[in-house]
Amino acid sequence: MGVLEYLRPVYVGLPPEQAGGLVYGLERATVAWPELVDLSAKEWKEVGDDKLIGEYKPDFARTAQYEMAGQFVFVTVRDENTGELVGYYVGTLSNAIKNEGKVLSETGLYLAPEVRGFAAARRLLGFVETVARALGCDILDVSHRPTSPRIGKLYERLGFAPVSVNYAKRLT
C-alpha cells in the first residue's frame, strides 16, 4: 500500500510537489516518527511550549490510532537533495460541530530556520490546502503563536480570516 492510499482512497493520484529545492508531500507520521519527533522537539523549545505546557512527550500509540482512523494528516517538507525532514504540517480531520462540513485543523506547523521564508511557507500551505480539498474538507483551520505575527499576515494574504484567539493554562 502506498503512502497516499494509507489515509484515504481519495489520496490516490496526489503526487508530491517540488519547488525551490524542497519537496512537499503527504506521509505516514508513524513511518517518519523518529524524524517527526526530532524536528517537533526543536519546535517545542523554539516556541516556548516547554515553559508553558511542560515536557515534550510525543505519543506514538495515539498518533497511530488517529492515523489508522484517517483523522491524522502529516504533510512533510523535505530537502530535495538529502531527503532530510525540514518542515511539516500536522493536522486532525474531523466533522464540524456547528455545520455539516469537514474540518482539517492544524495542530502543528513548522519550518526549520534554514528553509524558513515566505515561499516555503506559502508552498507548504498550498499543498496542505490541496490535501484538505482532496479529503473533501470545507474548512482549513490554522493558528499561530502571538510571537509569530508574520505567519498571521501570510495566512491573511492566502485568504484565511482570523476567527478566534486561543489561550492556554497549564493545570498540572
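Above this text you will find the structure in question.
We now turn to the structure provided with this report. Because the structure is predicted, anything quoted here is derived from the model rather than measured.

## Considering the environment of L154
Here is step 1: Following the sequence through the fold, L154 ends up in helix α6 (residues 149–157).
Here is step 2: Taking the C-alpha atoms as reference points, L154 and R122, separated by 32 residues in sequence, lie 7.6 Å from one another.
Here is step 3: The residues contacting L154, other than those within four sequence positions of it, are F118, A121, R122 and L125.

## A short note on the nonpolar core
Here is step 1: V75, Y89, L104, L124 and V131 are the most contacted members of the largest nonpolar core, which has 31 residues in total.
Here is step 2: Contributions of two or more residues to this core are made by β2 (22–27), β3 (72–79), β4 (85–95), β5 (102–111), α5 (118–134) and α6.
Here is step 3: The greatest single-element share of this core, amounting to eight residues, is contributed by α5.
Here is step 4: Those residues within four positions of Y89 in sequence are excluded, and the remaining contacts are V73, F74, V75, L104, S105, E106, G108, L109, L124, V128, L140 and D141.
Here is step 5: One finds A29, F74, L85 and V90 within the second-largest nonpolar core, a separate group that totals 12 residues.

## Examining the pairing of β2
Walk down a regular strand and you will see the side chains alternate between the two sheet faces.
Here is step 1: Bridging between strand β1 (residues 17–19) and β2 involves three bridges; their strand directions are antiparallel. Note that in β2 the partner of Q18 across the bridge is V23.
Here is step 2: In this antiparallel pair of consecutive strands, β1 and β2, the connection spans two residues, and G20 shows a positive phi of 60 degrees.
Here is step 3: Of the pairings in the sheet, the one linking β2 to β3 comprises six bridges and is antiparallel in character. By the bridge assignment for β3, E27 is matched with F74.

## Structural notes on the sheet that holds β4
Here is step 1: An order of β1-β2-β3-β4-β5-β6 is seen for the six strands of this open sheet, with the pairing classed as mixed. Each end of this open sheet is capped by a strand with a single partner; those strands are β1 and β6 (139–141). Neighbour to neighbour, the strand axes of the sheet diverge by 20 degrees on average, direction disregarded.
Here is step 2: Contacts from helix α2 (residues 33–46) reach β3, β4 and β5, with the element oriented near 90 degrees to β4.

Conventions and cut-offs
- Residues numbered from 1 in each chain as written.
- Predicted model: local features only at pLDDT ≥ 70, side-chain atom pairs only at ≥ 80, totals over all residues.
- Heavy atoms only, no water.
- Helix = DSSP H or I, 4+ residues; strand = E, 2+ residues; numbered from the N terminus.
- Contact = heavy atoms within 4.5 Å.
- Core = buried A, V, L, I, M, F, W, Y, C linked by side-chain atoms within 4.5 Å.
- Buried < 20%, exposed > 50% of the residue type's maximum accessible area, 1.4 Å probe, protein only.
- Pairing = 2+ DSSP bridges.
- Axes fitted to C-alpha atoms, helices over the stretch in contact; angles between N-to-C directions.

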